[in-house]
Amino acid sequence: MARPAEIVCDALVIGGGAAGVSAAVELARAGLRVELAEQRASLGGAYHRQPSGTTATTSARGRRQWLRLTAGLAHFAIAPRLRHVFLGVDTDGLGLLDDREAGRVRTVRARALVVATGAVERILPRPGWQLDGVMTAGGLQMLLKETGEAPPGEILVAGNGPLNIALAADLVRLGRPPVALVEAGDPAKNLGAALRIATFPGLIGEAARHLARTGFAGTPWLRGATVTAIERDGARLAVSIEDRRGGSRRIHGDMVALHDGIRPNDFGLPAVSIGEPIVVRAGDCREVLGIRGAEADGIAAAREVMALLSGTALHRVAPEVSRQRRAQALLAELFRPVREHDGLRHLPDETVLCRCEGRTVGELRAMLAGPDPIGLREVKLNGRFGMGVCQGRFCADAVGEIALAARPDLAAGPLSRDRWPVRPVSIAALAAPDESRGE
Amino acid sequence: MSGGSFLWRGAAISFRAGESIASALLRAGERDLGADGAGARLRYFCGIGACQNCLVSVDGSIAESCLTPASDGLKVDPVEAVHG
């Protein structure tokens, strides 16, 4: 009993990046009616997002991929629903999309849901990481891609992993070299991993170009070093940096970009889908494989959907996915932090852990030191850790780590991830579909 | 869509075609986005709608400034000023 305002389709794909578009095209190729929802005003995802009216910043290989994917959308006449934010699945199994342009919530009756919501960055908590002017490296890269320029002020890039090098190179290209690039690992010394990465020609070439560009711009590349605190100093930010021997220095800037890796953006998704709609994940949302794995994984997800809909089991195999998995493992080895991870024991009590509600490391430690036996459930419900509007996306891992380091006896379990994505929805938008249905 | 200007705390902020509210604010040097209803500070962070730290009031509705395209004549304010 389809209601008038309801969108009916075979498969709803959430996320218009490489994986989502790839999955949508593959599903349409198999003859399925597909809807593609993207929260932004344009497709592209983290990688293929482009500033309007300026030169593309991705590689020639990247541009070819995007042309191929968008040609597929055109061929199968898939019109993406832009500015449609996925809210979840209601108790009747209907997908809910918040149409931000029209200001109303649309319901979607789909037999399958492909979730291709990409990755979220892993950002380790540090004193001062909650200050304005401190953002994720990916967040800063979004701004660069959106406008083709960097916001005003001096920028320091810090954390761990290859994305920071790519960001620093982008900043150099835009004439705004960062004041420093602080890296917890020491990829220059990790020759074994570097040699094996050379078997992935695309990766090593890209990294070498980024590094050469950053080096020539005179940006200090501080390896084996970590940011221990960010403080406000007048209108600027003072960043304390500790090197591998324990020596410290302070560097000033106006903005700090942090990034310590990425993880699937699968918060709020059910672990297993029961009945319809079938829920399948694609791309970085399933497993972080980067842009090279996303297209292949989108196709694999589409084939999984078709198999599940026809009631057959499918072993999901894609050679490119396996290859990119090996590349990611090597990158992780290459960038392995020089200093051993200490379970965040070094963090001072006043460090903010929960960015949404300002809950601190000290408050968590006090709770854990209490006489009553507690589990992560109590940490969440009584301590409100992981209860903020980000659903624990930026604190759940750190809270779990600190808790288990302090209390190895603690009842383990996920701190978050059992709710569908919570997003701001206006009452008017929720009420709108009923009016349009004339109920 | 072309560039133009929107109001932030009553003052005009210019933007370019295809730019989000968050990006236009940051280019104008506006990094502090005020407080939410509970008093927590808001500011740009992840850029993908995941952290919910850059919420603003756009013509009276709360939305992520990083996901909302800037458009001419929008009235943008800190969440606290409208819903606090």
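Within each chain, residues carry numbers counting from 1 in the order of the written sequence. As they are written, the chains are lettered A onward and the ligands numbered 1 onward, keeping that order. Local features in a predicted model are, by the rule used here, given only for residues with pLDDT of at least 70; side-chain atom pairs are given and counted only at 80 or more, and totals for whole chains, interfaces and linings are based on all residues.

Structural notes on the packing of helix H8 (residues 290-309) of chain A against helix H9 (residues 319-334) of chain A
Residues and elements named next belong to chain A.
No. 1: Their axes nearest at 9 Å, the elements H8 and H9 cross at an angle of 150°. By the angle between their axes, H8 is roughly antiparallel relative to H9. Between H8 and H9 lies a crossing whose hand is left-handed. From H8, Gly 290, Arg 292, Gly 293, Ala 296, Asp 297 and Ala 300 reach across to H9, where they touch Glu 320, Val 321, Gln 324 and Gln 328.
No. 2: Broken down by class, the residue content of the contact of H8 with H9 amounts to 3 nonpolar, 4 polar and 3 charged. Axis angles are defined between N-to-C directions and span 0 to 180 degrees, where every axis is a line fitted to C-alpha atoms and, for a helix, only to the segment in contact. Each helix is a run of H or I in the DSSP string that is no shorter than four residues. Each strand is a run of E no shorter than two, and both are numbered from the N terminus. We call two directions roughly parallel when the angle between them is under 35 degrees, roughly antiparallel when it is over 145, roughly perpendicular when it lies between 65 and 115, and oblique otherwise. The sense of a crossing depends on the near helix, which, turned anticlockwise from the far helix by less than a right angle, makes the crossing left-handed and, turned clockwise, makes it right-handed. Here, residues touch in the contact sense if the C-beta positions derived from the backbone fall within 7 Å of one another. Charged residues are taken to be Asp, Glu, Lys and Arg, nonpolar residues to be Ala, Val, Leu, Ile, Met, Phe, Trp, Tyr, Cys and Pro, and polar residues to be all remaining types, Gly included.

What about the nonpolar core?
All names here are of chain A.
No. 1: Val 13 and Val 114 are the most contacted members of the largest nonpolar core, which totals 132 residues.
No. 2: Leave out the neighbours within four places in its chain, and Val 114 touches Ala 11, Val 13, Ile 14, Gly 20, Ala 23, Val 280, Ala 282, Ala 301 and Val 305.
No. 3: Each nonpolar core comprises buried Ala, Val, Leu, Ile, Met, Phe, Trp, Tyr and Cys residues, the members being joined through C-beta atoms within 7 Å. Neighbour density around each residue's C-beta defines its exposure: 20 or more other C-beta atoms within 10 Å make it buried, 12 or fewer make it exposed, and counts between make it partly exposed, where C-beta atoms are placed from the backbone. Ile 197, Ala 327, Leu 331 and Leu 334 belong to the second largest nonpolar core, which has 7 residues in total.

Some words on the packing of helix H1 (residues 18-29) of chain A against helix H3 (residues 60-75) of chain A
All names here are of chain A.
No. 1: H3 packs onto H1 with a crossing angle of 40° between their chain directions and a minimal axis gap of 9 Å. Comparing the axis directions of H1 and H3 gives the class oblique. Helix-helix and strand crossings are classified by hand; for H1 and H3 the assignment is left-handed. Facing Ala 18, Val 21, Ser 22, Ala 24 and Val 25 of H1, the residues of H3 in contact are Gln 65, Leu 69, Gly 72 and Leu 73.
No. 2: Grouping the amino acids of the contact of H1 with H3 by side-chain chemistry returns 6 nonpolar, 3 polar and no charged.

Section: H8 of chain A
All names here are of chain A.
No. 1: The first and last C-alpha atoms of H8 sit 28 Å apart over 20 residues, in line with the 28 Å expected at 1.5 Å per residue.
No. 2: To get the bend at a residue, fit one axis to the 7 residues ending there and another to the 7 starting there, then take the angle between the axes. The largest bend in H8 comes to about 25°, at Ala 296.
No. 3: With 15 of 20 residues buried, H8 is to be regarded as a mostly interior element.
No. 4: Immediately downstream of H8, the backbone of Gly 311 shows phi near 75°, a positive value. To estimate how far a helix should reach, multiply one less than its number of residues by 1.5 Å.

Regarding the domain arrangement of chain A
No. 1: These domain limits were set by an automatic method or by a database of domain assignments. Partitioning chain A into structural domains gives domain 1 (7-120 + 264-310), domain 2 (123-260) and domain 3 (352-406).
No. 2: Summarising the inter-unit geometry, the C-alpha centres of domain 1 of chain A and domain 3 of chain A are found 33 Å apart.

Description of the interface of chain A and chain B
No. 1: Counting from both sides, the interface comprises 32 residues of chain A and, opposite them, 30 residues of chain B.
No. 2: Going through the elements one at a time, strand S6 (119-121), strand S7 (134-136) and helix H4 (137-147) of chain A are the ones with two or more residues in the side of chain A that touches chain B.
No. 3: Looking at which element gives the most residues to the side of chain A that touches chain B, the answer is H4 of chain A, with 6 residues.
No. 4: Across the side of chain A that touches chain B, the residue classes break down as 13 nonpolar, 11 polar and 8 charged.

Remarks on the pairing of strand S1 (residues 4-8) of chain B
Residues and elements named next belong to chain B.
No. 1: Two strands form a pair only when DSSP identifies at least two bridges running between them. The pairing of S1 with strand S2 (residues 11-15) spans 5 bridges and is classified as antiparallel. If you follow Leu 7 over to S2, its bridge partner there is Ala 12.
No. 2: Taken together, S1 and the strand that follows it, S2, pair antiparallel across an intervening segment of 2 residues, in which Arg 9 is found at a positive phi of about 50°.
No. 3: With 2 bridges joining them, S1 and strand S5 (residues 75-77) adopt parallel strand pairing. Bridge pairing in S5 places Leu 7 opposite Lys 75.

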